[in-house]
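Survey of secondary and tertiary structure
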Amino acid sequence: MSKEPKLRHGRDKEPEDDDPMELRMVPVPGGDPLFMATCLVEEYARLGLDEEAILALFRQPIYQTHALYRGRGEAWVRELIRSVLARTGRLRVSVTVLHHIGGCDA
Amino acid sequence: MPKVYNWQLGREMLYPYPESHPKRQFAFVFNINRCIGCQTCTMACKSTWTFSRGQEYMWWNNVETKPYGGYPHFWDAKLLAMLERANPGGQAWNIGAQGNAQTPYGIFDGKTIFEAVSEEQNQEAETFQETSGRVLGYLPSDDEWDAPNIYEDTARRPENLHRRWGGEGASLPAHQSWFFHLQRICNHCTYPGCLAACPRQAIYKRPEDGVVLIDQERCRGYRKCVEACPYKKSMYRGTTRTSEKCIACYPRLEGKDSFLTPDGVPIETRCMAACVGKIRMQGFVKIAKDGTWEKDPDNPIYYMVKEEKVALPLYPQFGTEPNGYYIPPRWVPMDYLIQMFGPGAEHAVEAYVCPSRRMLGLLQLFRVAQKIIARFKLIEGKKVGESEVALPNGKKKTLEIFNDTVVGYDTKDRQVVQLTVEEPVFERPKEHYNSI
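Fair warning: this is a prediction, and the values are worked out from it, not measured in the lab.

Here is what the cut-offs are and how they apply
Residues numbered from 1 in each chain as written. Chains lettered and ligands numbered in written order. Predicted model: local features only at pLDDT ≥ 70, side-chain atom pairs only at ≥ 80, totals over all residues. Heavy atoms only, no water. Helix = DSSP H or I, 4+ residues; strand = E, 2+ residues; numbered from the N terminus. Buried < 20%, exposed > 50% of the residue type's maximum accessible area, 1.4 Å probe, protein only. Contact = heavy atoms within 4.5 Å. Areas by Shrake-Rupley, 256 points an atom, 1.4 Å probe, with all protein chains shown as cover. Phe/Tyr/Trp six-rings, centres within 6.5 Å; stacked < 30°, edge-to-face > 60°. Lys NZ or Arg CZ within 6 Å of the ring centre and 35° of its normal. Pairing = 2+ DSSP bridges. Axes fitted to C-alpha atoms, helices over the stretch in contact; angles between N-to-C directions. Lys, Arg positive; Asp, Glu negative; His and termini not counted. Salt bridge = Lys/Arg side-chain N within 4 Å of Asp/Glu carboxyl O. pLDDT = per-residue confidence, 0-100. Parallel < 35°, antiparallel > 145°, perpendicular 65-115°, else oblique. Left-handed = near helix turned anticlockwise from the far one by under 90°. Nonpolar A, V, L, I, M, F, W, Y, C, P; charged D, E, K, R; others polar. Expected span 1.5 Å × (residues − 1).

Helix and strand counts for chain A come out as four helices and one strand. From first element to last, N terminus to C terminus, chain A shows the α and β order α-α-α-α-β. Expressed as a percentage of the 106 residues in chain A, the buried residues total 39%. Considering only intrachain contacts with a sequence separation of at least 6, the fraction spanning at least 24 residues in chain A is 53%. When the accessible surface of chain A is totalled, it reaches about 6,400 Å², and 54% of it is carbon and sulfur.

Okay, here's the thing in structure tokens:
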């Protein structure tokens, strides 16, 4: 007895490049999310942020970096931050602003 | 049509008006590498300038997620396709001449938005309205202005967010591919497409700072500027029947607010001053009579654009000579970066990944003060560390860290901020604090 192919719901199908209805969500070939996340961590390490402060950039749901946190989990992000900080360290920077301007929301 | 010199293209190009340049030009550098897409800049601008009736859809500052997103939708992909149709296979750079002061990125052999419009079409048209005509462009439909940045990063609503637009409709899988955030305001172009297209000559560049403004008295809302601006940063307001655009927060640039700047020096625009990720720096560059930038290597903007060549214009091939510059994201495939920022992208990424001492110091100066930093100085200290960095071509290089101090000065040449890189710090994770 032949088995009928199982029908798939539209939402379960992979996005396709030539589908105009899905253009905004079609992944573009090339690039590496892990490299992207590594670069971001390096950037903020270079600005002097520590592990917890950098993790907060990923944990906060209103920041777009949260997509990685949501997709891969906190343990993955934390491990990535640690590996980068172990390699590059973070810069300790002291800042002196000599002329403040009025208003806290200027 | 007159010819003007566009240094970003490395050649003369056609433009509807002869050359006329301001004394100095408002310009800015955005470091894409640091942007986390928090949209604080977007909201700072919105809550200052576009919160009124008729402006609901307007976002003079927006941050879009590339390569998927755009505001209006697909603005850049559409215009790139139009240019390609106008000049099939010809939109290319000759990089042989790269590096010369007149041709820093090489020579663009293709057609700009001013050149791609058929000469024939211009001559046949009897009225200006028929041509629209001076600039290749398109008018986005209403739905294309919708929902900037919503679902550009995630195909569905995050579980822990409750937004009315979330709903429970059809959902797509969240993509796992690369992306970066592109921050956009009006580029206050040297050769603005909006200005070229306005049939009322209602758009002008201020001679004191090159800011491009729409005279609301003269504007009659024909929307030619909306059609012509390649970056789509001119927007129509139905309630006043005029077009509006980013004004570079010019009251702040003028330093005339007695509360914010009692000493009368320019301060940063709202979007820049609000930036959480410290990605933005703005300033003024001195413009010579021929439109070139006067040599000024202590000016942060000049230094990054002309000396280090680490910051590049957005889509220079459009031909408007935009005055917004971007440090390209280093994790993005090079072909994509070259299309977006021109052939200088490879050098820019390399120069950014392993910055010079001066550049590393300047990168720390981003967003540490509200005042515009007109000049900076590096005081050299001793070497305090080094780390290995990977260049885009896969080679490794050593980044040396020095105990340098960088000092920023305002437009009255008074010291505003002093910043010292002390040392790289390596911290033991919390759970291992007592493991020695």
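Here the narrative resumes.
Helices and strands together make up the secondary structure of chain B, namely 12 helices and 19 strands. Within chain B, the fraction of its 436 residues that count as buried is 61%. Sequence separation of at least 24 residues holds for 64% of the intrachain contacts in chain B that already meet a minimum separation of 6. Surface accessibility of chain B: about 17,800 Å² in total, with carbon and sulfur atoms responsible for 49%.

Take the packing of aromatic side chains next. All names here are of chain B. Scanning the entire structure with this criterion turns up 21 aromatic pairs over all chains. Considering the side-chain rings of tryptophan 93 and phenylalanine 108, the 5.1 Å spacing of their centres and the 50° angle between planes classify their relative orientation as tilted. Taken as a pair, tryptophan 93 in strand β5 (residues 93-94) and phenylalanine 108 in strand β6 (residues 107-108) lie far apart in primary sequence, 15 residues in all. Take tryptophan 93 and phenylalanine 108: they sit in the same class, and that class is buried. Taken together, the ring pairs connect Trp7, Tyr105, Trp293, Tyr302 and Tyr325 into an aromatic cluster. Against the face of phenylalanine 284 rests arginine 24, its NZ or CZ located 3.7 Å from the ring centre. Taking NZ or CZ as reference, lysine 46 lies 4.7 Å from the ring centre of tryptophan 59, over its face.

Attention shifts here to the pairing of strand β17 (residues 396-402) of chain B. All names here are of chain B. Both strand β16 (residues 383-390) and β17 contribute to a ladder of seven bridges, which runs antiparallel. What sits directly across from serine 387, in β17, is leucine 399. What sits between the antiparallel neighbours β16 and β17 is a turn of five residues, in which glycine 394 has the positive phi angle 95°.

Let us look at the sheet that holds strand β12 (residues 280-286) of chain B. All names here are of chain B. Strand order in the open sheet made by the four strands is β12-β3-β14-β13, with mixed pairing throughout. In this open sheet, the two edge strands, each paired with only one partner strand, are β12 and β13 (312-313). One ladder, built from seven bridges, connects strand β3 (residues 24-31) with β12; its direction is antiparallel. Among the inter-strand pairings, phenylalanine 30 is bridged to a residue of β12, identified as arginine 280. The sheet strands contacting helix α9 (residues 300-307) are β3, β12 and β14 (324-327), and the helix crosses β12 at an angle near 85°.

Each strand in a sheet pairs with another by means of backbone hydrogen bonds, the pair being arranged parallel or else antiparallel. Spatially, four strands are ordered β1(A)-β19(B)-β18(B)-β15(B) in an open sheet, and the strand pairing comes out antiparallel. Of all strands in the sheet, those with a lone pairing partner are β1 (90-97) of chain A together with β15 (375-379) of chain B, marking the two edges. On average, adjacent strands in this sheet sit at an angle of 20° to one another, irrespective of strand direction. Judged from the five bridges that link them, β15(B) and strand β18 (residues 405-409) of chain B form a sheet pairing that is antiparallel. When the bridges of β18(B) are listed, Leu378(B) appears paired with Val406(B).

A word on the side chain of Arg200(B). Residue and element names in this part refer to chain B. Mapped onto the elements of the fold, arginine 200 is located in the loop between α5 (193-197) and β8 (203-205). The side chain of arginine 200 is buried and forms no salt bridge, while aspartate 215, the nearest opposite charge, is found at 8.2 Å. For arginine 200, the contacting residues outside a window of four places in its chain are Arg218, Arg220 and Tyr222.

Chain-level pLDDT for chain B is 88 on average; 89% of the residues reach the 70-or-more range. Reported for the predicted complex are a pTM of 0.88 and an ipTM of 0.80.

Take the pairing of β18(B) next. Residues and elements named next belong to chain B. Burial analysis of β18 places five of its five residues in the buried class, the great majority of the element. Summarising the sheet, β18 and strand β19 (residues 415-425) pair through five bridges and their orientation is antiparallel. Bridge pairing in β19 links valine 406 to leucine 419. In this structure, the hairpin formed by β18 and β19 is closed by a connection of five residues, where aspartate 413 is found at a positive phi of approximately 60°.

Let's shift gears to the packing of helix α1 (residues 33-46) of chain A against helix α2 (residues 51-59) of chain A. All names here are of chain A. In contact at an axis separation of 10 Å, α1 and α2 are set at 135° when each is read in the N-to-C sense. As far as their axial angle goes, α2 and α1 are oblique. Remark: the crossing between α1 and α2 carries right-handed chirality. Here Ala37, Val41, Tyr44 and Ala45 of α1 lie close against α2, whose contacting residues are Ile54, Leu57 and Phe58. Residues that form the contact of α1 with α2 fall into these classes: seven nonpolar, no polar and no charged.

Look at helix α4 (residues 74-88) of chain A: 21 Å from first C-alpha to last across 15 residues, which is about the 21 Å you get at 1.5 Å a residue. Among all positions in α4(A), only Val77(A), Arg78(A), Leu80(A), Ile81(A), Arg82(A), Val84(A), Leu85(A) and Thr88(A) are buried. On the buried face of α4(A), the contacting elements are α1, α2, α3 (66-72) and β1 of chain A together with β16 and β19 of chain B. Gly89(A) lies just past α4(A) and shows a positive phi near 70°.

Close approach of charged atoms allows side chains with opposite charge to pair. Residues and elements named next belong to chain A. Following the criterion strictly, the structure yields 32 salt bridges over all chains and no others. We note a salt bridge from glutamate 51 to arginine 78, for which the minimum N-O separation is 2.6 Å. Of this pair, glutamate 51 sits in helix α2 while arginine 78 sits in helix α4, and the two are 27 residues apart along the sequence. A residue is classified by how much of its surface remains accessible, and arginine 78, at 19% relative accessible area, is buried. For the salt bridge of glutamate 51 with arginine 82, the shortest nitrogen-to-oxygen distance reads 3.1 Å. Here the residue glutamate 51 occupies a position in helix α2, and arginine 82 occupies one in helix α4, the gap between them amounting to 31 residues. What emerges from the salt-bridge pattern is a single network uniting Glu51, Glu52, Arg59, Glu74, Arg78 and Arg82.

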